[in-house]
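For reference, the chains in residue letters:
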Amino acid sequence: MGIAAETQFHVLAVDDSLIDRKLIEKLLKTSSFQVTAVDSGSKALEFLGLQEEEQRNHHPQETEVNLIITDYSMPGMTGYDLLRKIKESSSLKDIPVVIMSSENIPSRINRCLEEGAEDFFLKPVQLSDVNKLRPHLLGSRTLLEI
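Every value quoted in this text rests on a predicted model; they were computed, and no experiment measured them.

Student: Talk me through the overall build of the chain; I want residue IDs and the actual numbers.
Tutor: Within the chain one finds 7 helices and 5 strands. In the chain, the order of α-helices and β-strands from amino to carboxyl end is α-β-α-β-α-β-α-β-α-β-α-α. Burial status across the chain gives 42% buried among its 146 residues. Surface accessibility of the chain: about 8,300 Å² in total, with carbon and sulfur atoms responsible for 50%.

Student: Before we move on, can you summarise the nonpolar core with the specific residues and values?
Tutor: Leu-12, Val-14, Leu-48, Ile-68, Ile-86, Ile-99 and Cys-112 are the most contacted members of the largest nonpolar core, which has 23 residues in total. Elements with a contribution of two residues or more to this core: strand E1 (10-14), helix H3 (41-48), helix H4 (79-88), strand E4 (97-101) and helix H5 (106-114). In terms of residues, this core owes the most to one element, H4, which gives 4 residues. Judged by nonpolar contacts, the second largest core, of 17 residues, contains Ile-24, Leu-27, Leu-67 and Met-100.

Student: Which residues make up the packing of aromatic side chains, and what are the values?
Tutor: Per the counting criterion, the structure on display carries 0 aromatic pairs. Lying across the ring of Tyr-80, Arg-111 places its NZ or CZ 4.0 Å from the centre.

Student: Summarise the environment of Leu-82; cite the residues concerned and give the values.
Tutor: For Leu-82, the position within the fold is in helix H4. As a C-alpha pair, Leu-82 and Ile-99 span 17 residues in sequence and 9.9 Å in three-dimensional space. Residue contacts for Leu-82: discarding those within four places in its chain leaves Val-14, Gly-41, Ala-44, Leu-45, Thr-70 and Met-77.

Student: Lay out H4 in plain terms, naming residues and giving numbers.
Tutor: One turn of the α-helix equals 3.6 residues, which is why residues spaced by three or four share an orientation. Turning to H4, its buried residues are Gly-79, Tyr-80, Leu-82, Leu-83 and Ile-86. In an axial view of H4, the angular spread of the buried residues amounts to 160°, which keeps them on one side of the axis. Summarising the contacts, the buried residues of H4 are in contact with E1, H3, strand E3 (67-71), E4 and H5.

Student: How would you explain the pairing of E4 if you had to name every residue and give the values?
Tutor: Burial runs high along E4: 5 of the 5 residues are buried. Because side chains alternate across E4, one face comprises the buried residues Val-97, Ile-99 and Ser-101, and the other comprises Val-98 and Met-100, equally buried. Across 4 bridges, E3 lies against E4 in parallel orientation. In the strand pairing of E4, Ile-68 is matched with Val-97. At this point the chain moves from E3, through H4, to the parallel E4, and the crossover so formed is right-handed. One ladder, built from 4 bridges, connects E4 with strand E5 (residues 119-122); its direction is parallel. Bridged to Ile-99 within E5 is Phe-120.

Student: I'd like a description of the packing of H3 against H4, backed by residues and values.
Tutor: Between H3 and H4, whose axes approach to 9 Å, the crossing angle comes to 25°. By the angle between their directions, the pair H3 and H4 is classed as roughly parallel. Judged by the sense of rotation from one axis to the other, the crossing of H3 with H4 is right-handed. Two secondary-structure elements touch here, H3 through Gly-41, Ala-44, Leu-45 and Leu-48 and H4 through Leu-82, Lys-85 and Ile-86. Here the contact of H3 with H4 is composed, by residue class, of 5 nonpolar, 1 polar and 1 charged.

Conventions used here
- Residues numbered from 1 in each chain as written.
- Predicted model: local features only at pLDDT ≥ 70, side-chain atom pairs only at ≥ 80, totals over all residues.
- Heavy atoms only, no water.
- Helix = DSSP H or I, 4+ residues; strand = E, 2+ residues; numbered from the N terminus.
- Buried < 20%, exposed > 50% of the residue type's maximum accessible area, 1.4 Å probe, protein only.
- Areas by Shrake-Rupley, 256 points an atom, 1.4 Å probe, with all protein chains shown as cover.
- Core = buried A, V, L, I, M, F, W, Y, C linked by side-chain atoms within 4.5 Å.
- Phe/Tyr/Trp six-rings, centres within 6.5 Å; stacked < 30°, edge-to-face > 60°.
- Lys NZ or Arg CZ within 6 Å of the ring centre and 35° of its normal.
- Contact = heavy atoms within 4.5 Å.
- Arc of directions from axis to C-beta.
- Pairing = 2+ DSSP bridges.
- Right-handed = clockwise from strand over helix to strand, strands pointing away.
- Axes fitted to C-alpha atoms, helices over the stretch in contact; angles between N-to-C directions.
- Parallel < 35°, antiparallel > 145°, perpendicular 65-115°, else oblique.
- Left-handed = near helix turned anticlockwise from the far one by under 90°.
- Nonpolar A, V, L, I, M, F, W, Y, C, P; charged D, E, K, R; others polar.

Shown next, in the form of structure tokens:
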């Protein structure tokens, strides 16, 4: 029981909508996740230590992230673009990524899953969706410990 209390998984939530960001943050915290919420793909990359060329010698990521959940439709960098950058990075590619969208477009969903997304949630995200995240987290944690 002590191990479960100490192992708090850290989720990076990315959404340009303040309301959606607060909702996913609340759902994740209700499920005992540690949450860092940012409002853009570029801020997510900055948090992960994967900045643009001119800022690359900045500080490396100090907090371990066990999963990233991101909105698909965001100005500037879409969730799909963020997914691709994460999967192209040798240091970040093993972090599971889940995409969220209010639009149910099968071709978009398939493209994200083919590019390496673990899952695709339709908004509004529900507590039952958040509960589906655990196997992805535990799976990544188990692989890292082997």
